[in-house]
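Structural overview
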Amino acid sequence: MSRTLPNIIITGTPGVGKTSHCELLAERTGLKHLSVNDVVKSKECHEGWDEEYQSWIVDEDKLLDAIEDEVKQGGCIIDWHACDLFPKSWIDLVVVLRVESSVLYDRLTERKYPELKLQENLDSEIMEVLLQEARDSYDEEIVVELQSNDAEQMDENVDRIEAWFKQWKENNSSA
Ligand SMILES: Nc1ncnc2c1ncn2[C@@H]1O[C@H](COP(=O)(O)OP(=O)(O)OP(=O)(O)O)[C@@H](O)[C@H]1O
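Predicted model only: the values in this text are computed from it and were never measured.

Here we come to the environment of Val 103. The topology assignment puts Val 103 in helix α4 (residues 101-110). Between the alpha carbons of Val 103 and Gly 15 there is a distance of 9.3 Å; along the sequence they are 88 residues apart.

Of the residues in the protein chain, 99% reach a pLDDT of 70 or more, and the chain-wide mean stands at 96. Overall fold confidence for the complex sits at a pTM of 0.96, while the interface term, ipTM, reaches 0.98.

The next thing to look at is helix α1 (residues 18-29). Since one α-helical turn is 3.6 residues long, residues separated by three or four positions face the same way. Given a rise of 1.5 Å per residue, 12 residues ought to cover 16 Å, and the 16 Å separating the end C-alpha atoms of α1 matches this to within 8%. The complete set of buried residues in α1 reads Lys 18, His 21, Cys 22, Leu 25 and Thr 29. Axial view of α1: buried residues confined to an arc of 95°, hence all on one face. Where α1 is buried, its residues contact β1 (8-11), β2 (32-35), β5 (76-79), β6 (93-98) and α7 (151-172).

Nonpolar side chains in soluble globular proteins tend to end up buried together. Ranked by size, the top nonpolar core spans 35 residues in total, and within it Ile 9, Ile 77, Ile 78, Val 94 and Val 95 carry the most contacts. With four residues, β6 is the single largest residue contributor to this core. When neighbours within four sequence positions are excluded, Ile 77 is seen to be in contact with Ile 8, Ile 10, Cys 22, Leu 25, Ala 26, Leu 31, Lys 32, His 33 and Leu 34.

Criteria and cut-off values
- In this numbering scheme, every chain counts its residues from 1 along its sequence in written order.
- Local features in a predicted model are, by the rule used here, given only for residues with pLDDT of at least 70; side-chain atom pairs are given and counted only at 80 or more, and totals for whole chains, interfaces and linings are based on all residues.
- By the criteria applied, helices consist of DSSP H or I runs no shorter than four residues and strands consist of E runs no shorter than two, each listed in order from the N terminus.
- A residue's pLDDT is simply how confident the predictor is in it, with values from 0 to 100.
- A helix is expected to span 1.5 Å multiplied by its residue count minus one.
- In this scheme every C-beta is placed from the backbone, and a residue whose C-beta has 20 or more other C-beta atoms within 10 Å is buried, one with 12 or fewer is exposed, and one in between is partly exposed.
- Working definition: the arc comes from the directions between the helix axis and the C-beta atoms, pointing outward to the latter.
- What counts as a contact is two residues whose backbone-derived C-beta atoms lie within 7 Å of each other.
- Joining buried Ala, Val, Leu, Ile, Met, Phe, Trp, Tyr and Cys residues through C-beta atoms within 7 Å gives a set, and that set is a nonpolar core.

Rendered as structure tokens:
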């Protein structure tokens, strides 16, 4: 079954601005902001809480089962700090948000991240872990890297993704 609306993943290291981008995009496009974090909590797709990292230990199979029907229908903006678990056939665009280390450091410090988690996330951003994961998991023409250091860049990114969305709808309309 072909989708009448696309599915977009917005991914990147924690603190890059995924949620902020998804909320703006959902407002502008009418697509649904699917926060994986919220699904993991509300549908209990986890194997417990990791005290050291202060985060849920995600059960990926359970998570995929929980969102499959909704995502297959199309029209979702998936907000998550990983992307390799979603089947290629579900996804039309993968946006990897990037941020400079000093900016990320300030954002995560403000959010009172535990030291270990803060350092690991900074390393992950510097090593381009999420960008590589996206490139390894999806066709290169659907993976886009965008900078998210300030509000102006966020606006530009949202404009660009909205323009992509309109074009996708045009290309995929049956009329
Ligand atoms: N491009 C940006 N310009 C200015 N501030 C930003 C930008 N992106 C995010 N922020 C700010 O950084 C903080 C983290 O943003 P946000 O929660 O959207 O990140 P996230 O990637 O969704 O994080 P997590 O993975 O932990 O949910 C927020 O206070 C947000 O307002």
